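# Remarks on the overall topology
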Amino acid sequence: MREISKQFDFKKRESEIYASWEAGGFFNPDNSKSSKKYCNVLPPPNANGELHLGHACGYTVMDIFGRYERMNGKKVLLLPGKDHAGIQTQVVYEKKIKAERGISRHDLGREKFYQESYAFCTDRSNYMRSQEKKIGISADWSREKFTLDPDTLKIAMETFVKMYRDGLVYKGERIINWCPRCATALSDVEVIHHEKEGKMYYIKYPIKDSKEFLVVATTRPETMLGDTAVAVNPKDKRFLGFIGQTLILPLQDREISVIADRRIDMEFGTGAVKITPAHDPLDWKIGKDHKLEELQVINEKAEITEIGGKYAGMDVLAARKQIVADLAELGLLEKEEALTNNISICERCKTAIEPLISKQWFVNVDGEKYSFKKETLALIKSGKVDIYPENFKKILINWISNLEDWCISRQIWWGPQFPVWYRGEEVYVGLEAPKGKNPASAAKASTDKKATAGEWIQDENTFDTWFSSSQWPYTALGYPKGKDYRNFYPTDMMITGRDLLFFWAARMLMLGAYRTGQTPFKHLYFTGLVLDKDGQKFSKSKGNGVDPMETIEKFGADALRLSLVMDIAPGQDTRLSEEKVESFRNFVTKLWNIFRYCEQSDANFGLVEKISKKDLKTLSDRWIVCELEETVGKVTQFMKDKNISLAQDTLRKFTWDSFAAWYVEIHKIEKNTKVLGYVLDRILKMWHPFTPFVTEEIYQIMNKGTLGVLGHPVSKVLMVAAWPKSEKKFVDREFKKDFRDLVNLITMIRNLKSSYRIDPAQILEVYCEGKIEKDIIEKLARVSITQGVAFNKRKMIKLSTPRRALFLDIAKSVDIAKELENAQKEIAELEGLVGKNEGMLKNKNFVAGAPATVIEATKTRIVEYKNRLKVKKELVKDLGRL
RNA sequence: GGGCGAUUAGCUCAAUGGCUAGAGCACCUCGUUUACACCGAGGGGGUUAUAGGUUCGAGUCCUAUAUCGCCCACCA
């Protein structure tokens, strides 16, 4: 017999097992002969840091489904990759060179900075890959992609060229979100709004040739330098006489007029709004409609421009302070009021956003030739993509319905540059830099103007990361001719965090539908955020970060996996604490010890794939197999429904509460090694997607396996073993009932001992008239049963369940009054239940309306209650006699 | 302002409209029955946020209300 340690040595074995899976080629779908396929192109994490718990959670879910499908005989591709993560990586790398070398990206220059960033990403990717492997994800690393890999990138760039030709991208001047620190434009979703205590300033604008003023309210007085109008609502009676009048803009001494616009809220501020078309999105729209001049008074470094006169060169906050002081001195500041208002900050670096007018590339989301809005909505509503949780569908539909043009150009250095070249007034859009004189032959994209002499110069802008990553499902698979694309697209599953709903998920649907004409995935599954035990987001600044690698080191990957997906609903946030991981580590140990018992119980013990009814010798055999087959059925259904949590819960209950707590205990008394081996075999298979390491280890030991050695029979590797099918022929409710009766009898004795403080180890003498599971009850309830002899029933109390009874001679130590009270309390409860259920059956509406199974269950229940009632009433009689 | 979600045991969370609402952790009592003290036996703990409604039947569906959270939005 082998010596097996008390705990699974996860520290040593997890990495070894992973390496042998890899060496065995089990992650590579090319090694599967199956014609059924399953594909999940894994979301590429940003290649600039390390794995956090959110990644670990996502990967676990992806791997659970991947392993489940593989065990169901499918050719499974989990395709890993990394994202270059434009702005974020640039921010991270700039910080790094600042800290380590005291330099900025400008000291390196664009080309050098790009090269170093690339090397940095490669380095981080290597590190992150090692972390991903520790979580146990069964991804095919031979196919790993990076968003900047030439072949992958080429496909994404082709999409841009196609969009250009279809009139779905344009370069235009619009007001955009500008991050002064990152020095780039941002899309709307990259801006975070949050409330902040601020001030509202009421400023008097003198009316020309009058001593009157019009008072405007603003939170950003510095923008007044660029005011080109004041607007009021045409319905606002207070200002009727002012419309069309001329005001003198303080500090600038410029004449501006009062205009009327319905978009002005009469309730807010004073009802009169200063209009700065160059620095506010609404003002920009109003300015366009009223043909107002756009004066840029704030530059891209968030400083006042020359137009700002004496304030030129000051940063906006300094300028604000000075302007307020100057206005006060001029007597033009009516008042200041405290106010909480929304401020906009950069998602990546948290710097305040400046709205600026800028020439940028935009996606036209509602073009004439193709409407991203309409097509994506149609796709979502078509039901071709299932969304978990379902209510996220509504959120998606709502977001897409209100979509505005998407700014995709960034002024950062890190990322793919636009495939656009200029020569004088000429514009060329194509994958390769134009050569020679006539670029129009490659793509008919030039403007009508004549080519001028000179070099072609590439557009300096880089792409919004999400433009390329939103194409990931088909770029990573090699659209349109790649073997993987043809085999696996549309993919089956996409799993991502709910925080990426708009950034990524919505846009994958948009671009996937546009480029491939299909949904990029059939199922879209959202995970919630992983929060700390106090419900706070993990963040470096809060210092509450939990490194998944440390957790794995301490508790094992299997335990971490379980704790990240147990008790979790899709899209719902979850809290993770060390205690939680610890409790799942305990479960892994339990699983291990069940195995350990099996190993030691019999020298001939082995896993058993198939049994027949003849192999079931005893009640407990029939019961455990019945429970097992029901569990297989339920777990399989939950997996099909993508309900991981319930699948795991069902499995855990069976494993711990049924198998370990009862069957294994009984097995010590009446051995049936074959059944034990059968149950363990199926448990291992069902647990495998959740806890791949410990289950594979047990399976290998049992099969004397040498996993990973070439030529080893694949059937002896758990990760490619077949997922069990529920054998309905073993399911029989009678066994369940009968066994429960036995359990109840044992529990009753344990209860009695506990409530009378009888040493649990003390063997009670009991008597029995007929047949009973003598050995089991004696061992598990710690009693000694004398069968079939005459004994004086009158002096004993009867411990009985509907099917079994024992007589116990402890009348002296039993508190009869208390027992009576308990029994009567129970009788009252049972009578109540019988009454309630009988009432249901008497109700014609219930009988007419409820399904037959429910009515049947109700009837069975009544019989059960009545049986128990009978037993209790007998007990009361007995107690009364004693 | 709009939308979404949450509210269930001390804590963290489950529960396809149908069995006496369940787990884990924590708590109390007891236990060295050799698989497991990372365990076992027993126990306490609930007006399912509130108020109505639909239904034979509601934690679950509907309508309000309250509290908390998230997302979106051009209130300067």
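Now for a quick tour of the structure.

Reading the values: rules and limits
Residues numbered from 1 in each chain as written. Chains lettered and ligands numbered in written order. Predicted model: local features only at pLDDT ≥ 70, side-chain atom pairs only at ≥ 80, totals over all residues. Heavy atoms only, no water. Helix = DSSP H or I, 4+ residues; strand = E, 2+ residues; numbered from the N terminus. Rg over C-alpha atoms; globule rule 2.2 N^0.38 Å. Buried < 20%, exposed > 50% of the residue type's maximum accessible area, 1.4 Å probe, protein only. Contact = heavy atoms within 4.5 Å. Areas by Shrake-Rupley, 256 points an atom, 1.4 Å probe, with all protein chains shown as cover. Lys, Arg positive; Asp, Glu negative; His and termini not counted. Charge placed at Lys NZ, Arg CZ, Asp CG, Glu CD. Near = heavy atom within 4 Å. Core = buried A, V, L, I, M, F, W, Y, C linked by side-chain atoms within 4.5 Å. Pairing = 2+ DSSP bridges. Axes fitted to C-alpha atoms, helices over the stretch in contact; angles between N-to-C directions. Parallel < 35°, antiparallel > 145°, perpendicular 65-115°, else oblique. Nonpolar A, V, L, I, M, F, W, Y, C, P; charged D, E, K, R; others polar. 1 Å grid on protein atoms, 1.4 Å probe; cavity = no way out; pocket = protein on both sides within 12 Å on 5 of 7 lines; lining within 4 Å. Points joined across faces, edges and corners; volume = space filled by probe spheres on them. Phe/Tyr/Trp six-rings, centres within 6.5 Å; stacked < 30°, edge-to-face > 60°. Lys NZ or Arg CZ within 6 Å of the ring centre and 35° of its normal. Left-handed = near helix turned anticlockwise from the far one by under 90°.

## Overview of the overall build of chain A
Broken down by element type, chain A carries 26 helices and 29 strands. For chain A, the C-alpha radius of gyration of 37 Å lies well beyond 29 Å, the compact-globule estimate for 882 residues. Each of the three principal axes of chain A carries a C-alpha extent, and together these read 120 × 70 × 55 Å. When each of the 882 residues of chain A is scored for burial, the buried share is 54%. Of the contacts formed within chain A by residues at least 6 apart in sequence, a portion of 76% connects residues at least 24 apart. For chain A, the accessible surface area stands at approximately 40,300 Å², while carbon and sulfur atoms represent 50% of it. Chain A carries 140 positive and 122 negative side-chain charges, and their two centres are separated by 6 Å.

## Points about the protein's contact with RNA strand B
Taken together, 57 residues lie near RNA strand B, and N342, T589, N593, W656 and R868 sit nearest. Of what RNA strand B places within 4 Å of the protein, 58% of the atoms are sugar or phosphate. Breaking the surface near RNA strand B down by element, the ones donating at least two residues are α17 (578–601), α19 (644–667), α22 (733–755), α24 (816–842), α25 (844–849) and α26 (852–881). Sorting elements by how many residues they give to the surface near RNA strand B places α17 first, with 10 residues.

## Topic: the nonpolar core
F659 and I777 are the most contacted members of the largest nonpolar core, which totals 132 residues. If we skip the residues at most four places from it in the chain, I777 touches L742, L745, I746, I749, I772, R782, V783, I785 and L806. One finds Y93, L168, M494 and L524 within the second-largest nonpolar core, a separate group that totals 74 residues.

## Thoughts on the sheet that holds strand β18 (residues 420–423)
Taken together, the 3 strands give an open sheet; going across it, the order is β19-β18-β20, and neighbouring strands pair in antiparallel fashion. Looking along the sheet, the strands with just one partner apiece sit at the ends: β19 (426–429) and β20 (457–458). Two elements, β18 and β19, share 4 bridges in a ladder whose sense is antiparallel. Bridged to Y422 within β19 is V427.

## Points about the packing of helix α3 (residues 86–101) against helix α5 (residues 110–135)
One way to put it is that α3 packs onto α5 with a least axis distance of 11 Å and a crossing angle of 100°. As summarised for this structure, α3 and α5 are arranged roughly perpendicular, according to the angle between their axes. Across from T89, Q90, V92, Y93, E94, K96, I97 and R101 in α3, the residues of α5 making contact are F113, E116, S117, F120 and C121. Of the residues in the contact of α3 with α5, the class split is 6 nonpolar, 3 polar and 4 charged.

## Describing empty space enclosed by the protein
For the coordinates displayed, the defined rule picks out 2 cavities of 30 Å³ or more. Taken as a whole, the largest cavity holds about 120 Å³ of empty space. Around the largest cavity, the lining is made up of 15 residues, and of these I87, Q88, R348, T465 and W466 lie nearest the centre. Every element with two or more residues in the lining of the largest cavity is listed here: α3 and α11 (465–469). Counted by class, the lining of the largest cavity contains 5 nonpolar, 4 polar and 6 charged residues. Its volume calculated, the second largest cavity comes out at about 80 Å³. Surrounding the second largest cavity, 16 residues form its lining, V61, Y525, V565, I568 and I644 being those nearest its centre. When contributions to the lining of the second largest cavity are tallied by element, the ones reaching two or more residues are α2 (53–71), β23 (521–527), α16 (557–565) and α19. No other element matches β23, which puts 3 residues into the lining of the second largest cavity. Considered class by class, the residues forming the lining of the second largest cavity number 10 nonpolar, 5 polar and 1 charged.

## Topic: the packing of aromatic side chains
In this description, a pair of aromatic rings is defined by centroid distance and the angle of the planes. A full pass over the atoms with the stated rule returns 45 aromatic pairs. Between Y18 and W21, the aromatic rings sit 6.1 Å apart at their centres with planes inclined by 75°, giving edge-to-face as the arrangement. With Y18 and W21 both in helix α1 (residues 10–23) and 3 residues apart, the pair spans about one turn of that helix. Given a relative accessible area of 4%, Y18 falls into the buried group. According to the relative accessible area criterion, W21 is buried, its value standing at 0%. Consider the rings of F160 and F463, whose centres lie 5.2 Å apart with planes at 80°: the pair is edge-to-face. On the criterion of sequence distance, the pair formed by F160 in helix α6 (residues 150–165) and F463 in strand β21 (residues 462–463) is long-range, its members being 303 residues apart. Both residues of the pair, F160 and F463, count as buried. Here R67 stacks its cationic end above the ring of W21, 4.3 Å away from the centre of that ring. Taking the ring centre of F213 as reference, the NZ or CZ of K204 above it sits at 5.2 Å.

## Re the packing of α24 against α26
Relative to each other, α24 and α26 sit at 155°, their axes nearing to 9 Å. Considering the angle they form, α24 stands roughly antiparallel to α26. Note that α24 runs across α26; the crossing there is left-handed.

## Some details on the environment of L833
Topologically, L833 is positioned in helix α24. The class of L833 is partly exposed, set by a relative accessible area of 32%. Between the C-alpha atom of L833 and that of R757, which follows or precedes it by 76 residues, the distance is 31 Å.

## Here's the deal with unusual backbone geometry
Residue P480 is bonded to the preceding Y479 through a cis peptide linkage, with omega at 0°. Tracing the backbone shows P480 in the loop between α12 (472–475) and α13 (483–488). In this structure, the amide linkage connecting Y489 to the following residue, P490, adopts the cis form with an omega of -5°. Here P490 shows up in the loop between α13 and β22 (491–497). In this model, D253 sits at a positive phi of 50°, which is unusual for a non-glycine residue. Within the element layout of this structure, D253 appears in the loop between β10 (246–249) and β11 (254–260). The phi angle at R782 is positive, at roughly 55°, despite the residue not being glycine. Examined against the element boundaries, R782 turns out to sit in the loop between α23 (774–781) and β27 (783–787). Accessibility expressed as a relative area gives 36% for R782, which makes it partly exposed.

So, to be careful, I would describe these as geometric facts and stop short of saying anything about function.
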